[in-house]
Amino acid sequence: MPAENGDDQTMTYVRYIDKTREYYRSQGYEKPYKWAHFDDAPFTPVTKPLAESRVALVSTGEVEVRGLELSEDENQMGNVGGVYSIPSNTPEDRLFSASHSYDKHATTLEDINAFFPAARLRDAVESGRIAGLTERFIGVYNAYSQRRTLERDAPEVLRRLREDGADIAVMVPV
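The structure contained in this document is the topic of the report that follows.

So, how was this worked out
- Residues numbered from 1 in each chain as written.
- Predicted model: local features only at pLDDT ≥ 70, side-chain atom pairs only at ≥ 80, totals over all residues.
- Heavy atoms only, no water.
- Helix = DSSP H or I, 4+ residues; strand = E, 2+ residues; numbered from the N terminus.
- Buried < 20%, exposed > 50% of the residue type's maximum accessible area, 1.4 Å probe, protein only.
- Contact = heavy atoms within 4.5 Å.
- Areas by Shrake-Rupley, 256 points an atom, 1.4 Å probe, with all protein chains shown as cover.
- Phe/Tyr/Trp six-rings, centres within 6.5 Å; stacked < 30°, edge-to-face > 60°.
- Polar contact = N/O pair within 3.5 Å; in protein donor to acceptor, adjacent residues only side chain to side chain.
- Salt bridge = Lys/Arg side-chain N within 4 Å of Asp/Glu carboxyl O.

Another aspect to go through is the overall build of the protein chain. Secondary structure summary: the protein chain contains three helices and seven strands in total. Each helix and strand of the protein chain, placed in order from N terminus to C terminus, yields the pattern α-β-β-β-β-α-β-β-α-β. Taking all 174 residues of the protein chain together, the buried fraction comes to 30%. For the protein chain, the proportion of contacts with a sequence separation of at least 24, taken over those separated by at least 6, is 73%. For the protein chain, the exposed area adds up to about 12400 Å²; of that, 51% sits on carbon and sulfur atoms.

Moving on, we get to the packing of aromatic side chains. Per the counting criterion, the structure on display carries four aromatic pairs. Centre to centre, the rings of Y23 and Y24 are 5.7 Å apart; their planes meet at 85 degrees, and the pair counts as edge-to-face. Between Y24 and Y29, the ring centres sit 5.0 Å apart and the planes meet at 50 degrees, which makes this aromatic pair tilted. Of the aromatic side chains, those joined through ring pairs into one cluster are Y23, Y24 and Y29.

On to the side chain of T134, then. With respect to the element layout, T134 can be found in the loop between β5 (132–133) and β6 (136–140). Given the relative accessible area of 1%, T134 is considered buried. Here R136 takes part through its backbone oxygen, which lies 2.7 Å from a polar atom of the side chain of T134. With near-sequence residues (within four places) excluded, T134 lies in contact with R54, V55, A56, S88, D164 and A166.

Here S59 is to be found in strand β1 (residues 54–59). Excluding residues that lie within four positions of it along the chain, S59 makes contacts with F115, F116, I138, G139, V140, V172 and V174.

Moving on, we get to the pattern of salt bridges. As enumerated under the stated definition, the model contains eight salt bridges in all. In this structure, D167 and K48 form a salt bridge, with 3.4 Å as the shortest nitrogen-oxygen distance. One end of the pair, D167, is in the loop between α3 (146–163) and β7 (168–172); the other, K48, is in the loop between α1 (16–26) and β1, and 119 residues separate them in sequence. The class of D167 is partly exposed, set by a relative accessible area of 39%. Salt-bridge contacts for E156 lead to R160; the nearest nitrogen and oxygen are separated by 2.7 Å. With E156 and R160 both in helix α3 and four residues apart, this pair spans about one turn of that helix.

Pasting the structure below:
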């Protein structure tokens with residue numbers, strides 16, 4: 001794809017599969033990383049217009065809330081395994097991520113909406129594009145275990161989405 005300024009440059013894309021295989025090889029794993037593959041995806045077709053739908057946000061951006069007072073025994077916002085929640089009305093300036101699990105060449109942690117687009121979803125509510133938001137958004141800590149994702153984290157995310165009355169979930173993997 002040519003650059004917009006007329007230069008004869010091409011855009012490059014991050015080859016995540018190759019980068020992941022190289023990373024695992026560099027860590028000494030004998031077997032290459034095996035990507036999840038499913039013939040059946042557990043998605044449900046949208047049954048009503050977005051303007052009538054309550055939307056949830058699910059992100060693996062490992063987002064935290066600045067100034068949240070926790071005791072030593074508490075986890076960030078109701079953490080169950082690798083899943084936690086953040087109130088959807090948390091002001092954008094209180095959200096941050098200290099994660100190191102992202103492509104530092106393709107994005108930055110300074111733009112919270114790149115991986116946790118809460119403000120953009122609130123804009124969509126204000127414009128009438130979507131009916132509303134769930135009271136909490138869901139975060140999932142990065143885990144490289146497909147078994148843990150399938151057996152623990154995914155069922156917990158689904159439980160929370162149902163409990164919160166979500167019609168649609170915006171999924172943002174990091």
